[in-house]
Amino acid sequence: IFLPHLVASLEVEETYIMIKPDGVQRCLIGEIISRFEKKGFKLKGLKLFQCPQELAQEHYKDLQSKPFFPKLINYITSGPVVCMAWEGVGVVASARKLIGVTNPLNAEPGTIRGDLAVQTGRNVVHGSDSPENGKREIALWFKEGELCEWTPVLEPWLTE
Ligand code: GDP
Ligand code: MG
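These numbers were taken from a predicted model, which means no experiment stands behind them. (Residues numbered from 1 in each chain as written. Chains lettered and ligands numbered in written order. Predicted model: local features only at pLDDT ≥ 70, side-chain atom pairs only at ≥ 80, totals over all residues.)

Around ligand 1 sit Leu 63, Phe 68, Lys 71, Leu 72, Thr 102, Thr 120, Gly 121, Asn 123, His 126 and Asp 129, and those are all the residues in its vicinity. Here the shell around ligand 1 is built from residues that sort into 3 nonpolar, 5 polar and 2 charged. (Near = placed C-beta within 6 Å. Nonpolar A, V, L, I, M, F, W, Y, C, P; charged D, E, K, R; others polar.)

Mapped onto this numbering, the UniProt entry gives "active site" (unreviewed entry) at His 126. Position of His 126 among the secondary structure elements: in strand E4 (residues 125-127). Overall, the presence of 22 C-beta atoms within 10 Å leaves His 126 in the buried class. Leaving out residues up to four positions away in the same chain, His 126 has contacts with Ile 17, Met 18 and Lys 20. (UniProt positions renumbered as here; feature names shortened; annotations may be inferred. Helix = DSSP H or I, 4+ residues; strand = E, 2+ residues; numbered from the N terminus. Buried ≥ 20, exposed ≤ 12 C-beta atoms within 10 Å, placed from the backbone. Contact = placed C-beta atoms within 7 Å.)

Below, the discussion takes up the environment of Ser 128. Inspection of the secondary structure assignment puts Ser 128 in the loop between E4 and helix H7 (131-141). When the C-alpha atoms of Ser 128 and Pro 67 are compared, they prove to be 21 Å apart, with 61 residues separating the residues in sequence. Apart from the residues lying within four places of it in its own chain, the contact partners of Ser 128 are Thr 15, Tyr 16, Val 92, Asn 133, Gly 134 and Glu 137.

Pairing is antiparallel across the open sheet formed by 4 strands, whose spatial order is E2-E3-E1-E4. Each having just a single partner strand, strand E2 (42-49) and E4 make up the two edges of the open sheet. On average, each strand axis in the sheet is tilted by 15° relative to the strand beside it, whichever way the strands run. Across the sheet, helix H5 (residues 91-99) is in contact with strand E1 (12-19), strand E3 (81-89) and E4; its angle to E1 comes to roughly 30°. (Pairing = 2+ DSSP bridges. Axes fitted to C-alpha atoms, helices over the stretch in contact; angles between N-to-C directions.)

It is worth spelling out the environment of Glu 137 at this point. Counting through the fold element by element, Glu 137 comes out in helix H7. Under the C-beta neighbour-count criterion, Glu 137 is labelled buried, with 23 such atoms within 10 Å. As for Glu 137 and Asp 62, which are separated by 75 residues in sequence, their C-alpha atoms are 13 Å apart. Filtering out sequence-adjacent residues up to four positions away, Glu 137 remains in contact with Tyr 16, His 59 and Ser 128.

Per-chain confidence: the protein chain averages 96 in pLDDT, with 96% of residues scoring 70 or above. Ranking the elements of the protein chain by mean pLDDT puts helix H8 (residues 155-158) last with 94 and helix H1 (residues 21-25) first with 99. Among the scores for the predicted complex, ipTM is 0.99 and pTM is 0.96. (pLDDT = per-residue confidence, 0-100.)

Most of E1 sits inside the fold, with 7 of its 8 residues counted as buried. Pairing of E1 with E3 involves 8 bridges; the strand directions are antiparallel. Across the sheet, residue Ile 19 finds its bridge partner in E3, namely Val 82.

Time to look at the nonpolar core. If you look at the biggest cluster of nonpolar residues, it comprises 30 residues, and the most contacted ones within it are Ile 17, Met 18, Ile 19, Trp 86, Ala 95 and Val 125. Breaking this core down by element, the ones donating at least two residues are E1, helix H2 (29-39), helix H4 (69-76), E3, H5, helix H6 (112-116) and H7. In this structure Met 18 touches Val 81, Val 82, Cys 83, Met 84, Val 125 and His 126, once residues within four positions along its chain are discounted. (Core = buried A, V, L, I, M, F, W, Y, C linked by C-beta atoms within 7 Å.)

Written out as structure tokens, the structure reads:
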């Protein structure tokens, strides 16, 4: 089957990755960040943040009508999250692959959810599902001045 959101593009994109409160409480911050770092993407923004109710609702507004929405908002606001902006060619789809599918029991071993979680309602990490949502979510979670433009010295060793 054709899964357009899982086919990595050749464009430089940005994606919003967030370690959810369970990932923070379970001391998985370093483990999760290092997977994106080792892959070779560029970190542009990073902060520990207590998410207010309204922001959680705006972030997940497409899921408003779902029966689990109130639980989801409670979960995301239940403790600090780690907010990240990552940049790279095809980063949106590639990050979704590194994260694994929504239900951790179905996520492949080797993925973050496949290795580190067991329940959909505690799936440790978020990743944007399209380049448009990547931009939207980074703008939603980061203020001006919180993102860095920089050139990693390893760039020539990651891209030709
Ligand atoms: P994602 O893009 O893989 O994170 O999945 P979705 O965008 O479909 O859902 C967003 C988040 O809502 C998921 O990561 C889960 O934390 C939560 N969620 C989705 N479906 C369910 C569900 O059936 N039950 C519960 N408790 N949470 C859910
Ligand atoms: Mg989603």
